[in-house]
Amino acid sequence: MSPILQGILTIIIGVGGCVGYFYASNLILDKFIFPARGQHAGRNINRANKVRPWLFLFPAIFALSLYLVYPVIGSFYRSLFDRSGMNFIGLGNYFDLMNEGTFRTAVFNNMLWVLFVPAMATFLGLLVAQLTDRLSWGNIAKSLIFMPMAISFVGASLIWKFVYSANPDIGIINSLRDFIGLVPVDPIQVSFWNNFFLMFILVWIQTGFAMVILSAALRGIPEETIEAAIIDGANPFQVFFSIKVPQIMGTIIVVWTTITILVLKVFDIVYTMTGGNFGTHILPSYMMTYMFRDDGRATAVAFVIMILVLPVMVWNIRQARKEMR
Amino acid sequence: MDNIAGQNQGGRLAVNITVVILVLLWLLPTIGLFVSSFRDRDQISNSGWWQAPFSVDLNFRARVAADGAREEGGVFILEGNVFDDPALAQNFPDGEGVVAAYGTRAVAPDEFVAGQVSELRTGGTVVIERDGRYRVESPEEITRGPTLYFEARTPPKFTLANYRTVLFADGMDRAFINTLTVTIPATIIPILIAAFAAYALAWMDFPGRGLLIAAVVGLLVVPLQLALVPLLKLHTDVGIGQSFFGIWLAHTGFGLPLAVYLLRNYMVGLPRDIIESAKVDGATDFQIFVRIILPLSFPALASFAIFQFLWTWNDLLVAKVFLPSGAESQVMTVKIADDLLGSRGGDWGILATAAFVSIAVPLLVFFTMQRYLVRGLLAGSVK
């Protein structure tokens, strides 16, 4: 069978099965289990309506618990076993990790990523949002800066591989160095700083996201407060830092945390750019080096990532509960 | 209105310039990739893409055949034109060009100025004129033509050869179809499931609703990495293994929290009267959902669809783990990251083209649907 036909067929089965479930389950509930007729019609309708939310929710709850709740437990359990998966070694994997230099480098680098990327992306996003606010071509500028959001991390890494190339005829950075008479260097191999070159790729991708949300927040600030400040003699910087920024602080924090979560998950950039060499490992990429080889280690690293995410998770839930009240 | 922010003319100019610089900074890398994808290997490694629109000096190697040699007064002479070398025909289709410098060793292809006579290592002399005519003189019989190196100005040249290689010869066509096979169901299925769940969470009354919403918010941040090992094992145990079906389920599970969250936030904002009057008229929840809520939620659905599409199209991690590693089920990101970067690491033209092919569809979707994407981002994620 040709791959195209196979693809189409599988698509139809997958999507059709999903639609079929919702349609059929509701039909069965209303027509056969609790039919809305006969002497118990009223009682049946009430009962059907008690069951229906769960009918609607079932696939979501099932998928969520299977793909996100179970793995938290499953991963922790698996991380307590050795490479073969047969021998229980308690926290052995975690102790081994702590003694390993690459793991410590990965943790340190991950800290750098978590501090630098969200801060930089939010800052640049806010800057662009503010600068383009009153610009006649602001929307065009915004969509061009937003564009990297659509590009895969692999694609973005390739794009930047060109920029960072050590060959002055390929990489624009080394071409500029060449122009002012400096020796070409391979930015990816400059220890410590190469982390920042990789981080900037993610900043390049995420600035657009921060910009879109912050720019909407800036638009939402009531005009009166700004006018009042100007009448009181505030200069543009004072208006921005003392009036606008405090008013959108909530949004800034949401953007910040969203990007932080993303940073903790991204492995593609390191994987494609350096493969973790030259001291650039971060936890997700470090985990991939054990994937398919040593599940005990891999899950242990994954669980360390989970622990790092935990504070953000708690904060998120509290924020959501506050909103609902 | 314009002056209210207290900006003067100079300030406006500064703002304009800053934004132009930022936009250029953001665009340059992608433009570089785009330009590079139309250049061939030699051009890429000899001149930067920013020089692509201009003529550049490139180094070439011409092999000279010895069979045209003749003897003249005890001296053996070999004459011809370097541009006649058939291997150079693609760079100099008219057989004409301008030689700026030449050399007889690969390490110094521009040792001598055109027209200057130089010694050959094997004895004798050689000269290449600006128009490409060369003349080798040797006291001994010439049995083997020397290899000549020269530097010539070549006009800008763009080619579709990279695209031909990538699209038809490199298995990328297969990877493209695989990516679609993964992406389309992995976009539609979670939306369907999430829409029903979001409706239940927004408009149906049942015990534990608040708790479920909190759980969804919490699950938003669970790192994918946790899921890989236990779920792959589970998939293998139940017989799905590494397959398209498995990757749909995985993408569905991972995409659901955001989908439920965005859609619920949107649906809660729909007017209560419509739903209540439909209920009074005797509509069931299923009817309300299909006839009223779904059409009204179109902006939010579209926005999430774009998100999920971009995310599954661009995904590398889930595909690496949940799809078999063979060529017949590779998606584009995996193909680029593992195959091309490994074996073709130095072939910049192919790399650029492959990357551009893989980002072309998301970019197209992005620029046509941007309005929905932004609207959805704002409707659901930030209050």
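Use the structure listed above.
To keep things clear, this report deals only with the structure shown in the data block. (Residues numbered from 1 in each chain as written. Chains lettered and ligands numbered in written order. Predicted model: local features only at pLDDT ≥ 70, side-chain atom pairs only at ≥ 80, totals over all residues. Heavy atoms only, no water.)

**So, the interface of chain B and chain A**
Here is step 1 of the chain: Opposite the 111 residues of chain B that make contact, chain A presents 109 residues.
Here is step 2 of the chain: Carbon and sulfur atoms make up 81% of the area that chain B and chain A hide from each other, which totals about 9,700 Å².
Here is step 3 of the chain: Seen at the junction of chain B and chain A, the total is 0 salt bridges.
Here is step 4 of the chain: Joining chain B to chain A, the criterion identifies 9 residue pairs in polar contact (both at pLDDT 80 or more).
Here is step 5 of the chain: Counting residues per element, the side of chain B that touches chain A draws most heavily on helix α13 (residues 348-381) of chain B, at 16 residues.
Here is step 6 of the chain: For the side of chain B that touches chain A, the class distribution of residues is 81 nonpolar, 22 polar and 8 charged. (Contact = heavy atoms within 4.5 Å. Buried area = accessible area lost by both parts, 1.4 Å probe. Salt bridge = Lys/Arg side-chain N within 4 Å of Asp/Glu carboxyl O. Polar contact = N/O pair within 3.5 Å; in protein donor to acceptor, adjacent residues only side chain to side chain. Helix = DSSP H or I, 4+ residues; strand = E, 2+ residues; numbered from the N terminus. Nonpolar A, V, L, I, M, F, W, Y, C, P; charged D, E, K, R; others polar.)

**Section: the pairing of strand β8 (residues 133-138) of chain B**
All names here are of chain B.
Here is step 1 of the chain: Burial of β8 is one-sided: the residues Y134, V136 and S138 facing one way are buried, the residues R133, R135 and E137 facing the other way are not.
Here is step 2 of the chain: Relative to β8, strand β3 (residues 75-81) is paired through 6 bridges, and the arrangement is antiparallel. Looking at the pairing, G80 lines up with Y134 of β8.
Here is step 3 of the chain: The sheet contact formed by strand β7 (residues 125-128) and β8 spans 4 bridges and is antiparallel. Along β8, the bridge assignment pairs V126 with V136.
Here is step 4 of the chain: The turn linking β7 back onto β8 is made up of 4 residues, and G132 within it adopts a positive phi angle of 100°. (Buried < 20%, exposed > 50% of the residue type's maximum accessible area, 1.4 Å probe, protein only. Pairing = 2+ DSSP bridges.)

**Observations concerning the sheet that holds strand β9 (residues 147-154) of chain B**
Residues and elements named next belong to chain B.
Here is step 1 of the chain: The strand order across the open sheet built from 4 strands is β1-β9-β4-β5, with neighbouring strands paired in antiparallel fashion. Strands with a single pairing partner mark the edges of an open sheet, and in this sheet they are β1 (56-63) and β5 (112-113).
Here is step 2 of the chain: Pairing between strand β4 (residues 99-103) and β5: 2 bridges, direction antiparallel. Counted as the bridge partner of A101 is V113 from β5.

**Section: the nonpolar core**
Here is step 1 of the chain: Core analysis: the biggest nonpolar cluster contains 194 residues, and W113 and I269 of chain A together with Y199, F254, M267, I293 and F322 of chain B have the highest contact counts within it.
Here is step 2 of the chain: For this core, the element with the highest residue contribution is helix α4 (residues 172-203) of chain B, accounting for 17 residues.
Here is step 3 of the chain: Discounting chain neighbours no more than four positions away, the residues touching Y199 of chain B are F56 of chain A together with M204, M267, D285, I288, F289 and I293 of chain B.
Here is step 4 of the chain: With 26 residues, the next largest nonpolar core counts L58, F83, A114 and Y134 of chain B among its residues. (Core = buried A, V, L, I, M, F, W, Y, C linked by side-chain atoms within 4.5 Å.)

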